[in-house]
Amino acid sequence: MATPRLHHVTNATRIGYVLKSEPYQIETVRNSSLLPDGAESASIVNTTVEIDLSNNLSGAVYFALNITIPDGANVSETAAITLTMRSSASNETLLAGHILGGSNAGTTWVDRGKLTGFEHPLFTDKFSVANAGNAESLSGIFDRSLFEIFVNGGEFQSTSTVFPSETLDTLEVTTTDLPEGADVSAAVWGLRSTWAQQ
């Protein structure tokens with residue numbers, strides 16, 4: 001089952017009107033920050049931040065990235081944001097990201113092909129949305145076997161089932177080749193279990 005969502009029509013500048021779909025009142029189930037030292041946010045510019053998810057009892061995580069690229073900046077063809085969810089037990093990974101430069105700029109993608117809990121010749125393990133324009137925000141939810149990603153507050157979104165054979169207990173957020181003056185502000189929270197007593 002996917003996250004409850006709020007839907008409305010909005011004008012996505014490059015392509016016209018779209019049905020925007022964003023998590024509904026996610027703050028009501030948010031736990032404390034999972035960033036190192038409990039920080040509420042971290043600036044991630046041309047580096048990687050590793051977040052330990054192993055102490056998050058529910059196994060559900062919400063992340064939010066705010067992306068700032070200065071107007072007129074010379075964006076490298078290799079500028080990108082990558083999210084890697086990894087299992088320390090099996091080294092499986094779930095990958096997602098957003099390409100900021102080059103001919104594929106504005107593409108958001110998900111790769112669940114490096115998970116080993118399920119294989120079938122008709123299973124599509126990679127997918128993307130292209131030409132959505134460079135994202136100002138990326139957010140998402142991971143809950144053991146469900147991965148949702150929202151671009152620009154839900155102008156574009158994806159919900160997919162994922163099949164790790166072991167728990168994905170580490171999240172790495174990486175930015176590469178961002179131009180001078182760019183910033184990616186990241187926040188990561190655990191989510192309370194809806195089955196546990198509140």
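Above this text you will find the structure in question.
This one's a predicted model, so the numbers in the text were calculated from it and none came from an experiment.

### Examining unusual backbone geometry
Despite not being glycine, Asp-37 has its phi angle at roughly 60°, a positive value. Secondary-structure assignment places Asp-37 in the loop between strand 3 (30-33) and strand 4 (42-43). Even without being glycine, Arg-144 reaches a positive phi, approximately 60°. Inspection of the secondary structure puts Arg-144 in the loop between strand 11 (137-143) and strand 12 (146-151).

### Looking at the pairing of strand 11
The element strand 11 is largely enclosed, with a buried count of 6 among its 7 residues. Examined bridge by bridge, strand 6 (residues 60-68) and strand 11 share 7 bridges and lie antiparallel to one another. What sits directly across from Ala-60, in strand 11, is Asp-143. Bridging between strand 11 and strand 12 involves 5 bridges; their strand directions are antiparallel. What sits directly across from Gly-140, in strand 12, is Ile-149.

### Quick notes on the environment of Thr-161
By secondary structure assignment, the location of Thr-161 is in strand 13 (residues 156-161). Relative accessible area serves as the criterion here: at 40%, Thr-161 is assigned to the partly exposed category. Residues Thr-161 and Ala-2, spaced 159 residues apart in sequence, show a C-alpha to C-alpha distance of 9.7 Å. When neighbours within four sequence positions are excluded, Thr-161 is seen to be in contact with Arg-112 and Ser-145.

### Thoughts on the nonpolar core
The biggest cluster of nonpolar side chains holds 37 residues, and the ones touching the most others in it are Ile-51, Leu-65, Leu-94, Phe-147, Leu-171 and Val-188. Among the elements that line this core, the one with the most residues is strand 6, at 4 residues. In contact with Leu-171, not counting residues within four places along its chain, are Val-49, Glu-50, Ile-51, Leu-53, Leu-83, Thr-84, Met-85 and Val-188.

Here is what the cut-offs are and how they apply
- Residues numbered from 1 in each chain as written.
- Predicted model: local features only at pLDDT ≥ 70, side-chain atom pairs only at ≥ 80, totals over all residues.
- Heavy atoms only, no water.
- Helix = DSSP H or I, 4+ residues; strand = E, 2+ residues; numbered from the N terminus.
- Buried < 20%, exposed > 50% of the residue type's maximum accessible area, 1.4 Å probe, protein only.
- Pairing = 2+ DSSP bridges.
- Contact = heavy atoms within 4.5 Å.
- Core = buried A, V, L, I, M, F, W, Y, C linked by side-chain atoms within 4.5 Å.

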